[in-house]
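Here are the chains, one letter per residue:
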Amino acid sequence: FIEAHVVSQTMPRVLAEDFVWALSDNPVTRANLMGQVFGQDVPGGSFLQSAHFFAERQIAFDLRIHPGNRAFSIPVEPDRGVGVFVTPGSHVDVIGPFVSENDAIITKPLLENAEVMAVGVFDTSADFQDEDSPEYQNVTLQAPAAAVEAFLAMEVLSVNDLTLVLRNPCEGGATDCLGLGQ
């Protein structure tokens, strides 16, 4: 944005002391403005000030829950959560081990096609991928309310840790799918 829409020049030294409140055009200023947006209209020819810029507002986390869905967190170990491949925005199945009627260990899907809203403290895929080998102990998922209730009822009966299984985003007729891997 700055490169395309803001014409700037280096502040002359003679004026620099009188205009310390004005932003100078240098790499540090440009780095500090990255990801910022104008909070108000700035007339042409005006000096830019830090007060003109604000961090781009993210959509509140709870407003990202689809109507009729519920969000909830479950503890996971990264090696049971497909490691760094599960990112916010991924879709997963949650599988749990159970004891069958003949005392054999079987696995059952507890929840299918749940959207990952957050991995640990990371609620955007970009933030998660920017972090080098992020550590996390939980994931926050969203699913229809009835599916969450059924999940919670079955989860207490599982005999060991749950496993996240990553789904292909093209399953289920996704409209924004690139068709890779089909």
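Residues numbered from 1 in each chain as written. Predicted model: local features only at pLDDT ≥ 70, side-chain atom pairs only at ≥ 80, totals over all residues. Heavy atoms only, no water.

Asks: How would you sum up the overall build of the chain? Please name residues and give values.
Replies: Within the chain one finds 5 helices and 7 strands. In the chain, the succession of α and β elements from N to C terminus is α-α-α-β-β-β-β-β-α-β-α-β. Relative to its 182 residues, the chain shows a buried fraction of 27%. Put simply, the chain shows about 12400 Å² of open surface, and 54% of that area lies on carbon and sulfur atoms. (Helix = DSSP H or I, 4+ residues; strand = E, 2+ residues; numbered from the N terminus. Buried < 20%, exposed > 50% of the residue type's maximum accessible area, 1.4 Å probe, protein only. Areas by Shrake-Rupley, 256 points an atom, 1.4 Å probe, with all protein chains shown as cover.)

Asks: Could you give an account of a nonpolar patch on the surface, with specific residues and numbers?
Replies: There is a patch of nonpolar side chains on the surface, built from Val99, Ile105 and Val159 and spanning about 260 Å² of accessible area. Take Ile105: its relative accessible area is 58%, and that puts it in the exposed class. (Patch = residues over 30% accessible without salt bridge, like charges linked within 9 Å, V, L, I, M, F, W, Y side chains within 5 Å. Salt bridge = Lys/Arg side-chain N within 4 Å of Asp/Glu carboxyl O.)

Asks: Let's hear about the pairing of strand β6 (residues 138-144): which residues, and what values?
Replies: Where burial is concerned, most of β6 is hidden: 5 out of the 7 residues are buried. Direction of pairing for strand β3 (residues 69-75) relative to β6: antiparallel, over a ladder of 7 bridges. Paired with Ser73 across the strands is Thr140, a residue of β6. Relative to β6, strand β5 (residues 105-119) is paired through 4 bridges, and the arrangement is antiparallel. For Val116, the partnering residue across the bridge sits in β6 and is Leu141. (Pairing = 2+ DSSP bridges.)

Asks: Please set out the packing of aromatic side chains residue by residue, giving values where relevant.
Replies: Counting across every chain of the model gives 1 aromatic pair. Above the plane of the ring of Phe98 lies Lys108, whose end atom (NZ or CZ) is 5.4 Å from the centre. (Phe/Tyr/Trp six-rings, centres within 6.5 Å; stacked < 30°, edge-to-face > 60°. Lys NZ or Arg CZ within 6 Å of the ring centre and 35° of its normal.)

Asks: Lay out unusual backbone geometry in plain terms, naming residues and giving numbers.
Replies: Located in the positive-phi region is Asp103, a residue other than glycine, with phi close to 65 degrees. For Asn113, which is not glycine, the phi dihedral falls at a positive 55 degrees. Checked against the element boundaries, Asn113 lands in strand β5.

Asks: Go over the pattern of salt bridges, please, and point to the residues and values.
Replies: All chains considered together, the criterion is met by 1 salt bridge. Asp93 serves as the salt-bridge partner of Arg167, at 2.7 Å between the closest nitrogen and oxygen. Taken together, the positions of Arg167 in the segment after β7 (163-166) and Asp93 in strand β4 (residues 91-99) put the pair 74 residues apart, joining distant regions of the chain. The pair formed by Arg167 and Asp93 is uniform in burial state, with each residue classed as buried.

Asks: Which residues make up the pairing of β5, and what are the values?
Replies: Here β4 runs beside β5; their pairing, made up of 8 bridges, is antiparallel. Each residue of the ladder has a partner; that of Val99, found in β5, is Ile105. Hairpin remark: β4 followed by β5, antiparallel, with 5 residues in the connecting loop; positive phi at Asp103, about 65 degrees.

Asks: Tell me what's going on with the sheet that holds β4, and back it up with residues and numbers.
Replies: Sheet architecture is open: 5 strands sit in the order β3-β6-β5-β4-β7, paired in antiparallel fashion. Of all strands in the sheet, those bounded by a partner on one side alone are β3 and β7. The mean inter-strand angle of the sheet, taken between neighbouring strand axes irrespective of direction, is 45 degrees. (Axes fitted to C-alpha atoms, helices over the stretch in contact; angles between N-to-C directions.)

Asks: Any chance you could break down the environment of Gln142 for me, citing the residues and the numbers?
Replies: Tracing the backbone shows Gln142 in strand β6. According to the relative accessible area criterion, Gln142 is buried, its value standing at 2%. A sequence separation of 71 residues divides Gln142 from Ala71, and the C-alpha atoms of the two residues are 4.2 Å apart. Non-local contacts of Gln142, meaning those with residues more than four positions away in its chain, are made with Arg64, Ile65, His66, Asn69, Arg70, Ala71, Ala114, Glu115 and Met117. Of the polar contacts made by the side chain of Gln142, one reaches the backbone oxygen of Arg64; its length is 3.3 Å. In terms of polar contacts, Gln142 uses its side chain to reach the backbone amide nitrogen of His66, at 2.9 Å. (Contact = heavy atoms within 4.5 Å. Polar contact = N/O pair within 3.5 Å; in protein donor to acceptor, adjacent residues only side chain to side chain.)

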